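One letter stands for each residue in the lines below.
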Amino acid sequence: MKYMMLIYSDESIWTEDEREKCMAESVALCHDLNAQGQYVSASPLHYVNTATSVRVREGKALVTDGPFAETREQLGGYYIVDVANLDEALEIAGRIPGARMGTVEVRPIFELDNLPIAAK
Amino acid sequence: MLNQIAIIYHQEARRVFATLVRLLRDFDLAEDALQEAFTAAMQQWPRDGLPHNPRAWLVSAARFKAIDRLRREARLESLEGLEEEPVAPPEKEQETIVDDQLRLIFTCCHPALAPELQIALTLREVCGLTTEAIATAFLVAPATMAQRLVRGKAKIRHAGIPYEVPGPKRLSERLQTVLTVIYLVFNEGYHASSGDSIHRPDLVQEAIRLGRLLVELLPEAEVKGLLALMLLHHARRATRISAEGDLLLLEDQDRTQWDQALICEGQTLLESALLSRQFGAFSVQAAIAAVHAEAPTAAATDWTQIVALYEVLLRLAPSPIVELNRAVAVAMREGPAAGLALVDELLNRGELQHYHLAHAAKADLHRRLDQQQAARACYLRALELAQQEVEKKFLRKRLDEIDIQRA
């Protein structure tokens, strides 16, 4: 089963050192997961002040500056893993460095079999 | 014969169900298949005689019913791997039955499920209670409870909660959730949190039944400690309420009416838990209950021992309610003034401001110090906060007694 792990935390509480350490640990974790055959993809995201939201209403696209919702904790990155069950996913979530500063939301991916495979 | 089938249903239905969930990987399919297998047994067994191994017969019949249904409904992906006969060597049979029941319990009590879902699923799937019975016990509409169960099963399926006994690394942490669910069921039955009756025997019985099952399946120290705790409390069930329906405090209960057989069973379990040195908070609470159970009167209780046990409990599971209980025990050992100082300090910290029993305890200490005015004010505050009719009645009675004395 595939799971998406969304990492939420208060962006403002991270020091530059903490952020760098978190990136390095995350990259190491991804390599580790890949060696176990559990890695699908992962990425950090730029600060939420770079977010742009789009809504289409009556055929017209409304573009606004900012995230979907203003919250105390912001989405800062994600992982997608392929594991046997929720317990394995939760075990990985507990190793994500962002879990120590914020919250990791684990969501099972609704798999469709008629999606294209990305051409590079 | 039909009587015999009813007995087998009572004994085996949930065990067969637990195995079917593993084989069929679907709670609803397993439940339907189980019912169909028993329907088939009602027709065939009176004609052909009781099978040599009724449980194996039921598992096999239910599995075929499920395969038939999946074929009819053309659910091919669910059929995958189901059509080969699962072979469990006979010497492994007992082990498999134990494992399947544990799988069911750990799945229903998975921490990814909200506590109210854990409780609902455990009572429905492990104990086999009907949705209506669970709804009545928790004073919610049957439709609400049915929805809760649907939500729980959907989460198990879609989130990929495994049907597994957790490995050694996770076992003790996951076992704690299971024990908490059982204790919540017991407490809901023992101190019904609202409504007219203080006691819901059906939930107490189910919790004890679950406790016994778990001791049989997984005889760890805290599992025994929890069962001991429930039995030692349950032993006092007949003396908690007077003939007039009034709440009786421990000191006013008729100790000759306590159930000695349950006390004895509780003590034996507790000893075994304490000897293992692996015990936790449930065993310590059971030890406190055991000290009460052994005392001939409230005054002759070993209060020093009780205070010491509350201190152990505070280290294992710190909580202001445990501190309150310790303060009351100190009052019994050293007199009401010593207890009052501790209760005041606790109330000043704020966490127990809205807990009716903290104000009731304070009132009782003032009463014993003959400070009627202060006692009256605290009883009034407790009465404002109490939800339980029987408790309110008790508090009103105490207030009346003070008013009569002062008149």
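Calculation rules
- Residues numbered from 1 in each chain as written.
- Chains lettered and ligands numbered in written order.
- Predicted model: local features only at pLDDT ≥ 70, side-chain atom pairs only at ≥ 80, totals over all residues.
- Helix = DSSP H or I, 4+ residues; strand = E, 2+ residues; numbered from the N terminus.
- Buried ≥ 20, exposed ≤ 12 C-beta atoms within 10 Å, placed from the backbone.
- Contact = placed C-beta atoms within 7 Å.
- Pairing = 2+ DSSP bridges.
- Axes fitted to C-alpha atoms, helices over the stretch in contact; angles between N-to-C directions.
- Expected span 1.5 Å × (residues − 1).
- Nonpolar A, V, L, I, M, F, W, Y, C, P; charged D, E, K, R; others polar.
- Core = buried A, V, L, I, M, F, W, Y, C linked by C-beta atoms within 7 Å.
- Parallel < 35°, antiparallel > 145°, perpendicular 65-115°, else oblique.
- Left-handed = near helix turned anticlockwise from the far one by under 90°.
- pLDDT = per-residue confidence, 0-100.

Caption draft 1: Region of the structure containing the overall build of chain B. Tallying secondary structure elements over chain B gives 19 helices and zero strands in all. Along the first, second and third principal axes, the C-alpha atoms of chain B reach 80 × 45 × 40 Å. Taken over 407 residues, chain B has a buried fraction of 38%. Put simply, 56% of the contacts in chain B that link residues at least 6 apart link residues at least 24 apart.

Caption draft 2: Spatial organisation of the overall build of chain A. Along chain A, the regular secondary structure elements total two helices and six strands. Overall, chain A shows an N-to-C arrangement of helices and strands of β-α-β-β-β-β-α-β. Seen through its C-alpha atoms, chain A measures out along the principal axes to roughly 45 × 45 × 30 Å. When each of the 120 residues of chain A is scored for burial, the buried share is 19%. When contacts within chain A are restricted to residue pairs at least 6 apart in sequence, those whose partners lie at least 24 apart make up 74%.

Caption draft 3: Structural context of the sheet that holds strand β1 (residues 2–9) of chain A. All names here are of chain A. Taken in spatial order, the four strands line up as β2-β5-β1-β6 in an open sheet, and their pairing is antiparallel. The open sheet terminates on both sides in strands that have one partner only, identified here as β2 (39–44) and β6 (103–108). If you compare each strand with its neighbour and ignore which way they point, the axes differ by 20° on average. Looking at chain direction, β1 and β6 are connected through six bridges and run antiparallel.

Caption draft 4: Broad picture of helix α16 (residues 336–349) of chain B. All names here are of chain B. The end-to-end C-alpha distance of α16, which contains 14 residues, comes to 20 Å, matching closely the 20 Å that a straight helix rising 1.5 Å per residue would cover. Looking at the buried positions of α16, the neighbouring elements they touch are α15 (320–334) and α17 (356–368). G350 sits one or two residues past α16 and shows a positive phi near 100°.

Caption draft 5: A look at α17(B). All names here are of chain B. Taking 1.5 Å of rise per residue, 13 residues should cover 18 Å, and α17 covers 18 Å from first to last C-alpha, within 8% of that figure. Every buried residue of α17 is listed here: A358, H359, A360, A361, K362, A363, D364, L365, H366 and R367. In this fold, the buried residues of α17 make contact with α15, α16, α18 (372–385) and α19 (389–406).

Caption draft 6: Geometry of the interface of chain B and chain A. Taken together, the six residues of chain B in the interface contact five residues of chain A. When grouped by side-chain class, the residues that make up the side of chain B that touches chain A number four nonpolar, two polar and no charged.

Caption draft 7: Seen up close, unusual backbone geometry. All names here are of chain B. The phi dihedral of A74 falls on the positive side, at around 55°, and the residue is not glycine. Within the secondary structure layout, A74 lies in the loop between α3 (54–72) and α4 (76–79). Overall, A74 belongs to the exposed group, with 8 C-beta atoms counted inside 10 Å. Positive phi is not limited to glycine here, since D370 has a value of about 65°. Here D370 lies in the loop between α17 and α18.

Caption draft 8: A look at the nonpolar core. Ranked by internal contacts, the top residues of the largest apolar core, which has 109 residues, are L20(B), A62(B), I182(B), L232(B) and V343(B). With near-sequence residues (within four places) excluded, L20(B) lies in contact with A30(B), A33(B), L34(B), V59(B) and A62(B). Core analysis: the next-biggest nonpolar cluster, separate from the first, contains 16 residues, V81(A), A89(A), I92(A) and V104(A) among them.

Caption draft 9: Main features of the packing of helix α11 (residues 221–234) of chain B against helix α12 (residues 260–276) of chain B. Residues and elements named next belong to chain B. Running from N to C, α11 and α12 point in directions that differ by 155°, and their axes come no closer than 8 Å. By the angle between their axes, α11 is roughly antiparallel relative to α12. For the pair α11 and α12, the sense of crossing is left-handed. For the pair formed by α11 and α12, the contact residues are A221, K224, G225, L227, A228, L231, L232 and H234 on the first element and L262, I263, E265, G266, L269, L270, S272, A273 and S276 on the second. Tallied by class, residues from the contact of α11 with α12 come to ten nonpolar, five polar and two charged.

Caption draft 10: Looking closely at the confidence of the model for chain B. On average, residues of chain B score 91 in pLDDT, and 96% of them are at 70 or above. Of the two predicted TM-score estimates for the complex, the pTM is 0.87 and the ipTM is 0.88.

Caption draft 11: Representation of the environment of E294(B) in the model. All names here are of chain B. By the secondary structure assignment, E294 is in helix α13 (residues 281–294). Here E294 falls in the partly exposed class, since 13 other C-beta atoms lie within 10 Å of it. Linking E294 and L231, residues 63 residues apart in sequence, is a C-alpha distance of 14 Å.

Caption draft 12: Layout of the pairing of strand β4 (residues 60–65) of chain A. Residues and elements named next belong to chain A. Burial of β4 is sparse: only zero of the six residues sit out of reach of the surface. In this sheet, β4 lies alongside strand β3 (residues 52–57) in antiparallel orientation, the contact comprising six bridges. The residue of β4 that forms the bridge with R57 is K60. Two successive antiparallel strands, β3 and β4, enclose a turn made up of two residues, where E58 displays a positive phi of approximately 50°.

Caption draft 13: Main features of the packing of helix α1 (residues 2–24) of chain B against helix α2 (residues 27–48) of chain B. Residue and element names in this part refer to chain B. Put simply, α1 and α2 touch, their axes get as near as 9 Å, and they point 140° apart. Put simply, α1 runs oblique to α2. For the pair α1 and α2, the crossing hand works out as right-handed. Along the contact surface, α1 presents I5, Y9, A13, V16, F17, L20, V21 and L24, while α2 presents F27, L29, A30, E31, A33, L34, F38, A41, M42 and W45.

Caption draft 14: Spatial organisation of the environment of V126(B). Residue and element names in this part refer to chain B. Here V126 shows up in helix α6 (residues 115–126). The exposure class assigned to V126 is buried, which follows from the 25 C-beta atoms found within 10 Å. The sequence separation of V126 and R15 amounts to 111 residues, and the corresponding C-alpha distance is 8.4 Å.

Caption draft 15: Spatial organisation of the environment of L342(B). Residues and elements named next belong to chain B. Along the polypeptide, L342 turns up in helix α16. Along the sequence, L342 and Q101 sit 241 residues apart, while their C-alpha atoms lie 46 Å from each other. With sequence-adjacent residues up to four places away left out, L342 is seen in contact with A327 and V330.

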